[in-house]
Amino acid sequence: MEEGARSCLLQSRSSLEQDIRASYLMDHMISDGVLTGDEEDRIRSKPTRKEQAAALLELLLRKDNQAYISFYNALVRESYGDLASLLHNSLPLVSPEAEKSFSDGGTRYVQAVLSEGGVPQRPVVFVSRPALVNRVREKLYRLQKEPGWVTVFGMAGSGKSVLAAEAVRDHALITECFPGGVHWLSIGQLDRSDLLVRIQSLCFRLEQQSQEKDPSSSLHRPPGSLEEAKERLRFLMLRRYPRSLLILDDIWDSSVLKAFDIQCRVLLTTRDRSLADCVSGSKSEVAVESGLEEDQALEILALYVNGKPQRLPEQARSIVRECKGSPLVVSLIGALLREFPDRWAYYLHTLQQKKFKRIRKSSSYDYDALDQAMAASIQVLSEEHRELYIDLTVLEKDVKVPAKVLSVLWDLEPEEVEDVLQDFVNKSLLFRDCHHRPYLYYLHDLQLDFLAEMNRSGLESLHTKVVRQYQQRYSQGPPTSGDEECLYWFRFLTYHMAKANLTQELCSLMFSLDWVRTKAQIMGPAHLINDYVEYGAILDKEVRGHFQEFLSLNGHQLEQRPFPDVVQLALSQPDSSEVYRQALLQAQERATRGGLYLDWVNKSSLKSLSRLVVQPHQGSIYSACFSHDGTNIASCGSSKTLRVFKSTSGEKLLEIQAHDDEVLCCAFSPDDHLLATCSSDRKVKVWNVERGTLMRMFEDEHEEQVNHCQFTNIRRRLLLATCSNDKFMNTKLWNINKPSSQNTMFGHLEPVNHCCFSPDDAYLSTSSSDGTLKLWEVSSANEWKSIDVADMFPEQREQTEVMVKCSTWSADGRTIICAARNAVFLWDIETSKKMADCSGHLSWVHGVQFSPDGSLLLSCSDDQTVRVWETKKVHTSSAVCLKRDSDVLFNNGDITVVAADNRNRLQVRNGRTGAVMFQSENQESRIRCTAICSQTSAVPSGTSLATLQGHTRTVLHCQFTPEGHTLITSSEDTTIRVWRWRTGECVVLEGHKEQVRCFSLLTTTPSSETHLLSWSFDGTIKVWDMSSGEPLQDLACHQGAVLACDVSPDGQLFATTSADKTAKLWNVKDGTLLKICSRDNKDAMDSLHGGWVTDLHFSPDNTVLLSTGGYIKWWNVEKGEALQTFYPTGANLKRIHVSPDFSTFVTIDNIGILYILKKVE
């Protein structure tokens, strides 16, 4: 300490010891960093006030200039103006520490001005907020020519005071705008007498400084009343300090502020934005965000513990996240950690448990603990508004609510609610999101935590109030407007019921198919699934399982627009399911009013292996992976985006526009903090998962598209493997902290599609288009083992190439999964034998992965879905599935299905029970079509009765005539043949120019028995005389291939669909076109089918038209409107068989599932 300052302290020692309260001053000095907690404790241990003062002065004499300045400022702020005047003349102009503090634009002149004015020094632990500081300075510059008010407002602990002090720490600002000086006055919650003392102290300080500059001026006696004090201050500010700035810190009351309405320049800090409305003059304001950026908050904590931000423990980030970067909380905890640096976990737990009293004062803040700071803000509310504010305890963190929700809760008009909320916002008790119309309101996490702690015993009743108010307002049914209020109730009504312990009402709501339908339509299925997961402990386990399974497996259908019929979807659930029971009752009731519903009567023969089906992207999905904790899934694909969603429900957590081209792969790092992506744009990128920000990019080494990327499994030595379409250098290892690759594997001469580390990171497997799976030693990059995958796929030996798309290891390293085409295969590494397969995807599978515990298997596909499988359920022998080329016989209620299976055998099954009635031996060539004769009375024996030769290319369709003596076939060779199959006689119908996909018999009248209708890829429809082989009619119907055709039962109409994406209705008699349905109008059929329309059938009364494609649809012929849609598990249906009474429908999808659908009566 300078000699002059030390001498002044010694001379004034007796006066100081006599009057000061050391406890008041030490808070400020701790905040300035010149006093430690231990030193404070030692001083407080002294028995009397005077001894405490003596101990403080003794300690002060051993410190530096900064301590002297801090002590002087503390005297000023605590209204010891007369004592401060004793020390004023000996204030050091500069100290090394102060010079450092004022290094960003401050000068010795600035330091002197601010010290004289009592402006607090910059805290020892300080992090700049330049954007906010510049905003305040910009407003202060507006006071250069005329008086006015600048209001800095924000919630408790947001750093308003530090910000105000920092804003005036600028040489240009002071010299240009406030050459008369800057005068700081701390206010707080004062009564009139305390306010008078504060103004008296300020006036005394101003007069004393004025006398030093002008000895002729004299000191006046202290003003005796508030009015006299206001006038004295007005005189001083206008006459002696005409261009000075008065800073009023922590103003609470408008009546207090009026005492300073003296036509001067004022900067005030407050929690109440509206305070300045009560004074005259120009006004501007700056809102202080409630939280620091994470980097800034971590820097503060690091400064307190003398460390570096990147070396702080993981709890540091959690503390910042928990308090949302509150400057107050970060500083309080930082100061506590300075004394107890090993208590990170303890203070994090304290925050999480809302034990605010334990986060006690360790600075000059005005309240002894964090809870007192929160309570002070609420106490200034009127009693009525305080009760309303307590109701906000029921809100969830990070949830913004519209005024309409609170209008329901408070039973007030929306306009009244907005007025109340405005008051809360003005007092920084509530925040408003102005980017939405209508406005949305939300609480800071600390405010919400404090309310929850304060109202812990009444939480259940508060939530009950919310539920009852909702039920009263929406007694006729839930809101369906889709606005913010509607979304709030659908998202959080279940939350309020659970918190209110209204278990029975919660079950009634969540186990209602009506609630499921409405919520899914408005919010999508993910939120619904989340509810069943979150409240599973208080819901009936069995019924919850029914609803959760229904949503998990049909969620991707519920994302469709137009929105599907939920009752029809639910009819596909098992008969024992509560979902099915409710759906059947609703379907039966609606059927009495003309509704059309289909019951899948043989569904019990099929067990779904999928646990969750999600459609996160538009377009093909090339990669999906579990996070290492199993809670999240990341996916990417042709949409160029990266998406992260919950593995339990599919709820979106993050979406990034990741690359300029298709994103081919994504992979989590071992700690789940990073995500790597690679793309057709030849770039590899590493992302921060929490923030969604780009951390690193590798773009120079791969010359072709990068197909796959994978992190090591262990954090200790983090590496990233990538593989590409490069000719030779197609597999690389990277250290993400270095700009170039660490190693390159040589061995594959064709593109490498996939790479994967073994569980111990010792080996890397690569899957290539050259048909091999190679295993490499990671340490040396040498090839360890090569497996010829073609030997593992005997059913594909006919193909010249087997391309291994991807592979992955099980947790024990003994099992590897391979994906080929649309199937997923599990292989034992040691025996090279196939263990199981999973059929369910409708197109190429691009990625597979086990969950961390091995219980789940993840796959993604070109069919735009991600599927989660239960591993135990797929560890079985491959199931036999049927091919789509089939025929069905309806006979007195019995249903007989004949079709080829996936092993190229002919099967005859009982359609109702699924029992196999006959199965042939494997056939040498593929079975392409089947037909069953209606005259068949016995189960087939398998004996060949006839072989008919004549077609030169593949036979596409075959059908018996009703009497069973004639067989008709059509072929790729463009001909139709009519066979007397017992004798081998044949009539050839020639005329089509391309393959004849199908045909139909015209049997509506006796004279048309020998007439046949055929359609072809040449776009024409022809009517034939079967006996003569002559064409009777030839219609050029479409520009593209005709895919399906059917004649109405009365023989008057026929309908066609085509690859030219139109459907047409024709007059049979003269071939005139009656109607065109294209995808460009409301009658479009093909665009609503998920693919081309491949089959058509009229109902017997001509009122309904049945069509198949990706889905099965029933249409009102007259109106062209869809009556019902059935979504099969697979897709690309070829044919559907219809019973004569149009009540039963039979088809097979492309993954071999048989559907027997019966109309619900």
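One can find the structure itself at the top, above this paragraph.
Every value quoted in this text rests on a predicted model; they were computed, and no experiment measured them.

### Side note on the packing of aromatic side chains
In total, this model carries 21 aromatic pairs according to the counting rule given. Between Y346 and Y347, the ring centres sit 5.1 Å apart and the planes meet at 65 degrees, which makes this aromatic pair edge-to-face. Ring plane angle 25 degrees and centroid distance 4.2 Å describe the contact between Y763 and W784, whose orientation is recorded as stacked. Of this pair, Y763 sits in strand β24 (residues 763-768) while W784 sits in strand β26 (residues 783-788), and the two are 21 residues apart along the sequence. With a relative accessible area of 23%, Y763 lands in the partly exposed category. By way of ring pairs, the aromatic residues Y470, Y474, Y488, W489, F492 and Y495 are connected into one cluster. The side chain of R343 reaches across the aromatic face of F340, ending 3.8 Å from its centre.

### A look at the sheet that holds strand β56 (residues 1154-1159)
Strands sit in the order β9-β56-β55-β54 across an open sheet of four strands; the sheet is antiparallel. Both edges of this open sheet fall to β9 (598-600) and β54 (1136-1138), since each of them pairs with a single strand only. Between one strand and the next, the sheet's axes are offset by a mean angle of 25 degrees, whatever the strand orientation.

### A look at the nonpolar core
The biggest cluster of nonpolar side chains holds 116 residues, and the ones touching the most others in it are L392, W410 and F424. Sorting elements by how many residues they give to this core places helix α26 (residues 484-499) first, with eight residues. If we ignore the near neighbours within four places in the chain, the residues touching W410 are L388, D391, L392, V417, V420, L421, F424 and Q469. The next biggest cluster of nonpolar side chains, apart from the first, holds 33 residues, and it includes L16, I20, A22 and L56.

### Remarks on the side chain of T961
Inspection of the secondary structure puts T961 in the loop between β38 (955-960) and β39 (966-971). In this structure the side chain of T961 is engaged in a polar contact, spanning 2.6 Å, whose partner is the side chain of E963. If near-sequence neighbours (up to four positions away) are discounted, T961 is found in contact with T966, I968 and L1001.

### Comments concerning the environment of S1000
Turning to its location among the elements, S1000 is positioned in strand β42 (residues 996-1002). With residues up to four places along the chain from it excluded, the contact list for S1000 reads L1012, L1013 and W1015.

### Quick look at helix α24 (residues 445-454)
For α24, a buried count of eight out of ten residues is recorded, marking the element as mostly surrounded by other parts of the structure. Listed as buried for α24 are D445, L446, Q447, L448, D449, F450, L451 and A452.

### Remarks on the sheet that holds strand β23 (residues 752-757)
Ordered in space as β23-β24-β25-β26, the four strands form an open sheet in which the pairing is antiparallel. Two strands in the sheet have a free side with no partner beyond their single neighbour: β23 and β26. Ignoring strand direction, the axes of neighbouring strands in this sheet form an average angle of 20 degrees. Sheet topology note: the strand β25 (residues 772-777)/β26 ladder contains five bridges and is antiparallel. Across the sheet, the residue bridging to K774 is S786, located in β26.

Here is what the cut-offs are and how they apply
Residues numbered from 1 in each chain as written. Predicted model: local features only at pLDDT ≥ 70, side-chain atom pairs only at ≥ 80, totals over all residues. Heavy atoms only, no water. Phe/Tyr/Trp six-rings, centres within 6.5 Å; stacked < 30°, edge-to-face > 60°. Helix = DSSP H or I, 4+ residues; strand = E, 2+ residues; numbered from the N terminus. Buried < 20%, exposed > 50% of the residue type's maximum accessible area, 1.4 Å probe, protein only. Lys NZ or Arg CZ within 6 Å of the ring centre and 35° of its normal. Pairing = 2+ DSSP bridges. Axes fitted to C-alpha atoms, helices over the stretch in contact; angles between N-to-C directions. Core = buried A, V, L, I, M, F, W, Y, C linked by side-chain atoms within 4.5 Å. Contact = heavy atoms within 4.5 Å. Polar contact = N/O pair within 3.5 Å; in protein donor to acceptor, adjacent residues only side chain to side chain.

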